[in-house]
Amino acid sequence: MSSTIHLRAVSSKPTPESSTTPLESGAGSPASQIAAATPPEDAPAASTGPEKNLASRVGEALLHHLLPPIIVLTLLLGIWEILCSQPGSSLPSFTQVLSDTRELILNPFYNNGGNDVGLGWQILASLERVAYGYSLAVIGGIALGVLIGQFSWAMKGLDPIFQVLRTVPPLAWLPLSLAGFQDSHPSAIFVIFITAIWPIIINTSVGVRNIPEDYRNVARVIRLKGVRYFWKIMLPAAAPYIFSGLRIGVGLSWLAIVAAEMLVGGVGIGFFIWDAWNSSLISDIILALIYVGIVGFILDRMVAYLGRVVTRSTSAS
Amino acid sequence: MTASYLQIENVDMTFTKGQKSSNVLRNINLKVERGEFISLIGHSGCGKSTVLNIVAGLLKASGGGVILDGKEVNEPGPDRSVVFQNHSLLPWLTVYENVALAVEEVFGRSKSKAERHDWILKNLELVHMTHALHKRPAEISGGMKQRVGIARALAMEPKVLLLDEPFGALDALTRAKLQDEVMRIQIELQNTVLMITHDVDEAVLLSDRIVMLTNGPSATIGDIISVPLPRPRMRVELVDDPIYLQCRAAALKFLYERHAAPATAMG
């Protein structure tokens, strides 16, 4: 049994691996040179500059914040390289991935028509879907969150329903939305919307319910009501909660888009991954995963930054 | 019998929570004349703040009612502005904006933009806070926050100014300074003021009359002391003024002999 599995794995992979060995070493050496060169570059900068104080401080900060991840990353890449370079490995090694995906990395914005476009376009297409779905979720989520945070009857009526619906996995909505919209594009957007909306609703409602009684009393004394109350008191007071909901929401929508696009098709990073799998382009999948991770990280940090700017003054009292 | 400026008539307050109901206030009657400074004093938990909240309209009395300048009070409004114990400034607004928010709501139609701006500055000047117009509450001290709270309340041009233990959270020196400020402003503006306090010296120093509440439950007005001291009052000169001492003794006797805090009372 075990020998057949081994044989199969060997028979499927050795051809591409052996054919690219010269390229592999060529692509690998500059990368390792860069990795090795970075720390020494910091060290002299710390001691030689005329504004020694500032330079040394910058150098120290780089040393503290950049050095650990660089070391760990180099180690992990090394382990990956060693594990996957062995004959019979079912996954490509790091250098293998670099050489396989060279075209994709260097040309993120090529366009050969149809689905055959660069990774940049694929990611932008996914981001566009997320932008639509997430924006709708922000508007709907804040509105519903304010409703159930402000009115106890809405809370009692809607909260049990929301608590059940929010546990439904995003992809479970896809067949239903395909049936409803009869079109893949709005269906994908709907899946993003329905995924991102729950944390936004729940956090907004908690934020609204936690508006200090004092602020409400101030508003009542100056007779601040309706829309003006919403803008002047409710939104700023609940902003820290709302932004934590927005941050969870953006993360979830990016999680859902890849899965949704795998099923829906068209241009998009999710379908790119699925397409690569169908063509056995494992290196392309790995590159796409790295891009997906980086974009998700950037999205998360953007919302976090926005939240920090907006709520800078709300949190301290 | 002529009607007073502010009349609290037969106010009863019962809080009901599920099956439990507790009678907090019973039969509160008080008449306040225009320009009077009244202190409400009593032990913690006796319902002083409840009285103030009913006058403010933030709470609805279970029985009886409040009449201000011939009109019944049934909701909160800027004619009964409140200075809250913990200042209640909005932390995302600057000092100027906190006052501006109130001024814009109250005088948005009756004053022009320039007039509103001048009015905001004038009130902040009154409490000596013009040096920190663009600071946020987190950046100023507790005493300064309370000054801004007072400026915001005054800027509404209230018929009655309601002070809910305004100096309770401040250290003794800051408190004394703010008390002097409030007395100075009172002489200038001649407001009608209702102040909650648990500090006998503060009550005697600031008030024309001290209204003393009995202990709850079912607290009511036990006694009222008039403080016939001329204004302006100087705290140092009053230290051995016989009238001051007499009033202080009467209040202390009421609080610690006739209506000593029940052993079970919570801090």
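Everything that follows concerns the structure shown earlier in this document.
Residues numbered from 1 in each chain as written. Chains lettered and ligands numbered in written order. Predicted model: local features only at pLDDT ≥ 70, side-chain atom pairs only at ≥ 80, totals over all residues. Heavy atoms only, no water.

Chemist: Whenever I open this one, the sheet that holds strand E4 (residues 63-68) of chain B confuses me. Can you help?
Modeler: Whether parallel or antiparallel, the strands of a sheet pair through hydrogen bonds between backbone atoms. Residues and elements named next belong to chain B. Ordered by their spatial adjacency, 4 strands build an open sheet running E2-E1-E4-E5, and the pairing between neighbours is antiparallel. Strand pairing shows two members of the sheet lacking a second neighbour, strand E2 (20-32) and strand E5 (71-72), which therefore form its edges. Here 5 bridges tie strand E1 (residues 6-17) to E4, and the two strands are oriented antiparallel to one another. Bridge assignment links Glu9 to a residue of E4, and that residue is Gly65. Running at roughly 115° to E1, helix H1 (residues 48-56) makes contact with E1, E2 and E4 of the sheet. (Pairing = 2+ DSSP bridges. Helix = DSSP H or I, 4+ residues; strand = E, 2+ residues; numbered from the N terminus. Contact = heavy atoms within 4.5 Å. Axes fitted to C-alpha atoms, helices over the stretch in contact; angles between N-to-C directions.)

Chemist: Please explain the interface of chain B and chain A as it appears in this structure.
Modeler: Accessible area lost upon the coming together of the parts is a frequently used measure of interface size. Each partner contributes to the interface: chain B provides 24 residues, whereas chain A provides 19 residues. Between chain B and chain A lies a buried interface of about 2,000 Å² when both sides are counted; carbon and sulfur atoms form 63% of it. Considering only the side of chain B, the residues that lose the most area to chain A are Pro91(B), Trp92(B) and Glu105(B), jointly responsible for 31% of the buried surface there. Taken together, the links from chain B to chain A amount to 3 salt bridges. Residue Arg223(A) is joined to Glu75(B) by a salt bridge in which the shortest nitrogen-to-oxygen separation is 3.6 Å. On inspection of chain B and its partner chain A, the count reaches 5 residue pairs in polar contact (both at pLDDT 80 or more). For the side of chain B that touches chain A, the secondary-structure elements that each account for two or more residues are helix H2 (95-107) and helix H4 (142-155) of chain B. (Buried area = accessible area lost by both parts, 1.4 Å probe. Salt bridge = Lys/Arg side-chain N within 4 Å of Asp/Glu carboxyl O. Polar contact = N/O pair within 3.5 Å; in protein donor to acceptor, adjacent residues only side chain to side chain.)

Chemist: Help me understand the pattern of salt bridges in this model?
Modeler: All names here are of chain B. Per the counting criterion, the structure on display carries 15 salt bridges over all chains. Between Lys159 and Asp69 there is a salt bridge; the shortest N-O distance is 3.4 Å. Of this pair, Lys159 sits in the loop between H4 and strand E7 (160-164) while Asp69 sits in the loop between E4 and E5; the two residues are 90 residues apart in sequence, bridging distant segments of the chain. Judged by its relative accessible area of 38%, Asp69 falls in the partly exposed class. (Buried < 20%, exposed > 50% of the residue type's maximum accessible area, 1.4 Å probe, protein only.)

Chemist: How should the pairing of strand E3 (residues 37-41) of chain B be read in this particular structure?
Modeler: All names here are of chain B. For E3, the tally of buried residues reaches 5 of 5 residues, placing the bulk of the element in the interior. Of the two faces of E3, both are covered, the one formed by Phe37, Ser39 and Ile41 as well as the one formed by Ile38 and Leu40. The pairing of E3 with strand E8 (residues 192-197) spans 5 bridges and is classified as parallel. Paired with Ile38 across the strands is Leu194, a residue of E8. Sheet topology places E3 next to strand E9 (residues 209-213); 4 bridges connect them, and they run parallel. Bridging from a neighbouring strand, Leu40 pairs with Val211 of E9.

Chemist: Is there a simple way to explain the environment of Tyr134(A) in this structure?
Modeler: All names here are of chain A. Mapped onto the fold, Tyr134 is located in helix H8 (residues 119-150). Among the residues examined, Tyr134 registers a relative accessible area of 13% and is labelled buried. Taking C-alpha positions, Tyr134 is 6.4 Å from Ile192, a pair spaced 58 residues apart along the chain. Discounting chain neighbours no more than four positions away, the residues touching Tyr134 are Ile192, Ala196, Ile200, Leu246, Gly249, Val250, Ser253 and Val303.

Chemist: Help me understand the packing of helix H11 (residues 184-209) of chain A against helix H13 (residues 226-264) of chain A, please; the structure alone is not making it clear to me.
Modeler: Angle between the axes and distance between the axes: these two values describe a pair of packed helices. Residues and elements named next belong to chain A. Contact pair H11 / H13: the axes reach a minimum separation of 7 Å and the direction vectors enclose 155°. If you check the angle between H11 and H13, you find them roughly antiparallel. You can see that H11 and H13 cross each other, and the crossing is right-handed. Its residues assigned to classes, the contact of H11 with H13 comprises 19 nonpolar, 9 polar and no charged. (Parallel < 35°, antiparallel > 145°, perpendicular 65-115°, else oblique. Left-handed = near helix turned anticlockwise from the far one by under 90°. Nonpolar A, V, L, I, M, F, W, Y, C, P; charged D, E, K, R; others polar.)

Chemist: When you look at the packing of aromatic side chains in this model, what are you seeing that I'm missing?
Modeler: Think of a pair of aromatic rings as described by two things: how far the centres are apart, and how the planes are tilted against each other in angle. Considering all chains together, one arrives at 10 aromatic pairs over all chains under this definition. Seen from their ring centres, Tyr215(A) and Trp92(B) are 5.6 Å apart, and the 85° between their planes marks the pair as edge-to-face. Here Tyr215(A), found in helix H12 (residues 213-221), pairs with Trp92(B), found in the loop between strand E6 (82-83) and H2, and the two come from separate chains. What makes Tyr215(A) buried here is its relative accessible area of 10%. Linked through ring pairs, Trp173(A), Phe181(A), Phe190(A) and Phe193(A) together constitute an aromatic cluster. In this structure, Lys111(B) is placed above the aromatic ring of Phe107(B), and the distance from its NZ or CZ to the ring centre is 4.5 Å. The positively charged end of Lys111(B) is found above the aromatic ring belonging to Trp119(B), 4.9 Å away from the centroid. (Phe/Tyr/Trp six-rings, centres within 6.5 Å; stacked < 30°, edge-to-face > 60°. Lys NZ or Arg CZ within 6 Å of the ring centre and 35° of its normal.)

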